[in-house]
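If you want the building blocks of each chain, they are given just below.
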Amino acid sequence: MTGRVEGKVALISGAARGQGRAHAVRLAQEGADIIAFDICGPVDAQGAPAASEEDLAETVALVEKLDRRIVWAKADARDFAAVERLVDDGVEQLGHVDIVSANAGIQGIAADSAHTREEDWRAVLDTNLTGVWNTARAAIPHLVERGRGGAIVLTSSSLALKAAPNFSAYTSAKHGVVGLMRSLAVELAPHSIRVNSLHPTTVPTPLLLNENNWRIFRPDLDAPTLDDVIHLYQGLNLLPVPWVEVEDIAHALLFLASDEARYVTGVAMPVDAGMSVK
């Protein structure tokens with residue numbers, strides 16, 4: 001089956017690399033044009049190496065190689081005015097927007113709640129919850145005005161479906177995304193706009209595969225490597241795998257964005273190898 005989102009336009013945040021890039025490429029493969037943005041730089045309490053302008057340029061090149069159009073900008077999901085400008089520009093150039101993937105997020109700094117700094121807490125909530133809200137909010141007026149329905153998919157996490165220590169800001173923000181998803185699903189149903197959330201387990205992107213993360217899992221080692229922690233990643237999941245691939249999340253996004261899911265709304269969909277039920 002091809003052309004599952006032919007003629008549609010998708011807005012994607014955090015598109016420079018990782019899941020965001022995979023979403024842009026997968027939707028473009030199925031016929032969508034893309035509006036993409038990423039901050040392309042460090043964020044407070046990021047907890048992982050930052051994406052770059054070169055990363056976003058690579059995403060743009062991959063979409064264009066598929067003979068799809070892409071409107072892009074360096075923009076911060078926390079800055080509603082910047083996101084709104086990009087969305088308005090994208091709609092002016094591409095004609096409309098039909099799909100929203102609010103994907104941008106950061107991990108935060110690992111610490112128990114009593115020792116999490118206020119500024120780190122705020123940084124994670126600002127990106128992982130307010131940034132998701134901003135991305136959806138900028139697109140909703142265009143979706144409603146177009147009058148042909150649409151699909152909004154918010155990237156959450158398996159940690160929105162179960163508890164975990166030392167990441168209370170991340171876990172709280174991702175739980176908040178579920179509440180936002182459900183509220184939007186109710187509000188937008190009269191316009192035939194569907195809203196769902198995706199809940200990945202570990203995914204092998206720079207957010208996961210970095211020395212900071214490895215030290216969280218192996219504080220007993222001075223310089224842990226991936227080999228030292230991969231069995232611990234596998235231990236998080238019910239299925240015997242250490243992670244799922246970016247393409248696995250992109251396939252789920254494509255389903256939720258396509259007419260195959262035309263009656264699916266208000267759903268928190270795990271793509272997590274069973275992590276949330278382990």
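Let us look at the structure shown here. (Residues numbered from 1 in each chain as written. Predicted model: local features only at pLDDT ≥ 70, side-chain atom pairs only at ≥ 80, totals over all residues. Heavy atoms only, no water.)

Digging into helix H1 (residues 18–29)
Move 1: With 12 residues, H1 should reach 16 Å at 1.5 Å per residue; the first-to-last C-alpha distance of 17 Å fits that figure.
Move 2: Counting buried positions along H1 yields 10 of 12 residues, so the element is predominantly enclosed.
Move 3: Among the residues making up H1, those that are buried are Gln19, Gly20, Arg21, Ala22, His23, Ala24, Val25, Arg26, Leu27 and Ala28.
Move 4: Of the residues flanking the end of H1, it is Gly31, one or two places downstream, whose phi is positive at about 105°. (Helix = DSSP H or I, 4+ residues; strand = E, 2+ residues; numbered from the N terminus. Expected span 1.5 Å × (residues − 1). Buried < 20%, exposed > 50% of the residue type's maximum accessible area, 1.4 Å probe, protein only.)

Concerning the pairing of strand S5 (residues 150–155)
Move 1: With six of six residues buried, S5 is to be regarded as a mostly interior element.
Move 2: The alternating pattern of S5 places Gly150, Ile152 and Leu154 on one face and Ala151, Val153 and Thr155 on the opposite face, and all of these are buried.
Move 3: By the bridge criterion, four bridges tie strand S4 (residues 99–102) to S5 in an arrangement that is parallel. Paired with Val100 across the strands is Ile152, a residue of S5.
Move 4: As paired strands, S5 and strand S6 (residues 193–200) are joined by six bridges and run parallel to one another. Bridge pairing links Ala151 to Arg194 in S6.
Move 5: Viewed along the sheet, the connection from S5 through helix H5 (residues 168–188) into S6 turns out right-handed. (Pairing = 2+ DSSP bridges. Right-handed = clockwise from strand over helix to strand, strands pointing away.)

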